[in-house]
Amino acid sequence: MQHNRTILVSLLCLAFFMNMPEPGRSQEDASPVLPGIAEAEKEEPVAAPEERPGRSNEIVITATKTGINRKETGSSITIISAEEIEQSKKTQAVDILKSVPGVSVSQSSSLGGQADLYVRGTASNHVTVLIDGVKVNDPAQAGHGFDFAHLTTDNIERIEIVRGSQSVLYGSDAIGGVINIITKMGSGKPEVSLLAEGGSFSTFKESAGVSGGTDWAHYSFNVSRTDSRGFSRTSTWRGIRKSFLKNRHDGYDNTSISAQLGLKTVHDSWLSMALRFTDANLDIPNGAYEEDKNHTFGNRNLALNVRYEIPVFDWWESGLTFSYMNQTMQDRNVPDLYEFATSRYQGGTYASINYTNMTFNGKMMSGEFKNKFMIKDFDEIICGVSYEQEHGATNPYYFGWMPAQPLDLGIPPNYPNPWYMQPTEPIDEKQGTWAAYAQNHLKLFKRVFVIAGLRYTRPDNFRRSIDYGVSGSFIVPVTETRFKASAGSGYKIPSLYQLYNVFERWNRFTPAYLNPERTLSYDAGIEQPLWDERIVLEVNYFSIDYKNMIVYDTNLDYNGRYWNSNALTRGVECIASFTPIDDLAIKGFYTFTRSYDKTFHTGDLLRRPRHQAGFTINYSFLDRGNLNLAFSYVGKRRDYWRYPYFSYMNPYYKLDLAASWWIIKQLQAFIRIENLLNKKYDEIRGYRAAPCSVHAGLKAVF
């Protein structure tokens, strides 16, 4: 590893003396454009010379699976561009998503701690996550969600967040929204980028990439490596643990590879492939407040997408897509003297030694045949069929030894002898889903836009379902005020873990009573541009009504079990952007969310803050420098307090700062300070957030 760093630094120094074109320069070579995006770009209105193009002209792919103008959909959408990611200098996608309106994140410490994302108060497994069109929700996870902890920002062109039900196009898991991560597509002359940075907690990152393209092919490739000594992830010390774990560090490493390739074939068709691979390893505690010296966790994820786009006629585009996802997680904890000595203080009863070796593997394969029909300039019809098969396999292994039973406390022994083994029968199940969908996009007078669609879903083990979605957007002449609204139903089948985990299957016959989740959601909003779109104000109201929401509850069963419940989440999003001059951009938001369980009346849903706010100020100067300041506030939220009990956590705020300067045309120096005010807080109770950290480095482009 040290040898690789030496080579990378040498290349950065070499780039200092090279006379190369300005980064971000325009290319004379033709850039490859895929059929679906090409049509959208043709439809984008061209601004007059005196006009300043604004965000209303942004092209969105996720909302309709083809590129359309953002103003033509009634859905609430946030787009994070590669430029914004570069300005913030953040290395993890989860840190970027924390500044999105209507999105809240709970992470068990940075540097690889599990990160759950909640959109408009929905559960973390109610959001479909796509990486270049590959659905990466993990079938082996309890709720079929995605852990954002290890997804880096390397080679990302844009992140699109569509809030609200998107079940018509994306099916199960999309009842809260869709997050689409899109990899950069190379264009123009070959370009090589190198980066090296280091900072707090002995953290080092190196990355290298190359991209380019012609009018008949394109390519983009990037590899990065992060190593960190880390910090103690637990938020407090208790009992005798302090002497055992003084100066404790929980290490982390991450290797990420991303690639996108495209080749133009006969009749202007495009064959493309996108791949992203992540291999991460970290030291973790045994749980909230419970540090450990040798508890490790590994996470490997592969997302692969192969797509063939065929422009059959001028009015008909067709496409075939194959996607594959493979996620493997391993949780391993070897017994040690520290754990034995402190187990009585942790559990409050007796000493024990435990050994854990758990493996979770989720695979998902899917195929889709999609068609787009265009009727003049006022109507588009999108329809398709898809099949998705997921496979979940777990091998939980938990073994323990309790030499001393708590008879002195008057508590009967839990086991007849000191040796015990938890039920460890593995899960090895799969299920498939057929679906067909159709959606119509009507455009009238360039100011009235209506999108309506239906989806027929046929899962292997549950009843069929028909879901609908409709959205509208109306732009008022003269004032350019935009009124928008959307409504839709959602349908989500239980995950493989919820259906077949050993405790539920043996003791409670879960498949007999656990029903698919259903939702009815709607939102309405208004968007007002002012001063040639230098000021844009937006307000959205949303509501999501759950029927049969799957929750893990301890009210009716102290040991806990999965139940169907009813819930309701409502709220308001206030969003503003202000660009007084071209080099200064200010963005801010405030979100109020009220989500609660209507069946068990347990109060707010877990880890959903009612109040959340933030702003970002970015200033570019002298054509070489950039300053980025980001502030975020998260209000009180309900969390576990010594499970299964609950309490509310205190609010917190955080300030981040990033600065960069192009030393020459090919070499940039940058610095990033996270948690500038060194605030102490927990996003999840018992897991400490990182203190103030400073990172600096060099980036070369040639």
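Residues numbered from 1 in each chain as written. Predicted model: local features only at pLDDT ≥ 70, side-chain atom pairs only at ≥ 80, totals over all residues. Heavy atoms only, no water.

## Some words on the sheet that holds strand β3 (residues 76–81)
The strands that make up a sheet pair up through hydrogen bonds in the backbone, lying either parallel or antiparallel. Convention followed: In this scheme, strands are said to pair when DSSP sees at least two bridges between them. Secondary structure elements follow DSSP: runs of H or I no shorter than four residues count as helices, runs of E no shorter than two count as strands, and numbering proceeds from the N terminus.
Here we have five strands laid out as an open sheet, ordered β3-β8-β9-β6-β7, and mixed in their pairing. Unpaired on one side and paired on the other, β3 and β7 (134–135) mark the two borders of the sheet. Sheet analysis places strand β6 (residues 127–131) next to β7, joined by two bridges and oriented antiparallel. Note that in β7 the partner of Leu130 across the bridge is Lys135.

## Let's talk about the pattern of salt bridges
Our working rule: Throughout this description, the term salt bridge denotes a Lys or Arg side-chain nitrogen within 4 Å of a carboxyl oxygen of Asp or Glu. Each residue's exposure class comes from its accessible area (1.4 Å probe, protein chains only) as a fraction of the maximum for that residue type: buried when under 20%, exposed when over 50%, partly exposed otherwise.
Within the structure shown, the criterion is met by 34 salt bridges. We note a salt bridge from Glu538 to Arg70, for which the minimum N-O separation is 3.6 Å. Here the residue Glu538 occupies a position in strand β26 (residues 535–553), and Arg70 occupies one in the loop between β2 (68–69) and β3, the gap between them amounting to 468 residues. Judged by its relative accessible area of 2%, Arg70 falls in the buried class.

## Some thoughts on the packing of aromatic side chains
For any pair of aromatic rings, geometry is given as the distance between the ring centres together with the angle between the planes. Let me state the cut-off plainly: Side-chain rings of Phe, Tyr and Trp (the six-membered ring for Trp) are treated as a pair once their centres are within 6.5 Å; stacked means planes under 30 degrees apart, edge-to-face means over 60, and tilted covers the remaining angles. Placement of a charge over a ring requires the Lys NZ or Arg CZ to be within 6 Å of the ring centre, with the centre-to-atom vector within 35 degrees of the ring normal.
Throughout the structure, instances matching the rule amount to 16 aromatic pairs. Both rings, one in Trp531 and one in Phe578, keep their centres 6.4 Å apart while their planes meet at 40°; by these two values the pair is tilted. Highlighted residues: Trp531 in the loop between β25 (517–530) and β26 and Phe578 in strand β27 (residues 561–581), separated in sequence by 47 residues. By relative accessible area, Phe578 is classed as partly exposed at 31%. Feature note: the residues Phe313, Trp315, Trp316 and Phe373 constitute an aromatic cluster, connected by ring pairs. Here Lys89 stacks its cationic end above the ring of Phe670, 4.7 Å away from the centre of that ring.

## As for the side chain of Ser232
Convention followed: As used in this structure description, the phrase polar contact means that two N or O atoms lie within 3.5 Å; if the pair is within protein, one of them must be able to donate a hydrogen and the other to accept it, and residues adjacent in sequence are counted only when both atoms belong to side chains.
Residue placement: Ser232 occurs in the loop between β12 (217–231) and α6 (241–244). For Ser232, the side chain forms a polar contact with the side chain of Thr234, separated by 3.4 Å.

## Concerning the pairing of strand β29 (residues 611–621)
Pairing of strand β28 (residues 584–597) with β29 involves nine bridges; the strand directions are antiparallel. Pairing of Ala585 across the sheet is with Asn618, part of β29. Inspection of the sheet shows β29 paired to strand β30 (residues 625–634) by 10 bridges, in the antiparallel sense. Along β30, the bridge assignment pairs Ile617 with Leu629. Between β29 and β30, which pair antiparallel and follow one another directly, the connecting turn spans three residues, one of which, Leu622, has a positive phi of 60°.

## Describing the nonpolar core
Put simply, the test is: Only buried residues count toward a nonpolar core. Its members are Ala, Val, Leu, Ile, Met, Phe, Trp, Tyr and Cys residues joined through side-chain atoms within 4.5 Å.
Formed by 29 residues in total, the largest nonpolar core has its most connected members in Phe148 and Ile159. Counting only elements with at least two residues in this core, the list comes to α4 (93–97), β4 (103–107), β5 (115–119), β6, β8 (156–163) and β9 (177–183). A total of four residues in this core trace back to one element, the largest contributor, which is α4. Core analysis: the second largest hydrophobic core is formed by 11 residues, Phe231, Leu282, Met329 and Ala690 among them.

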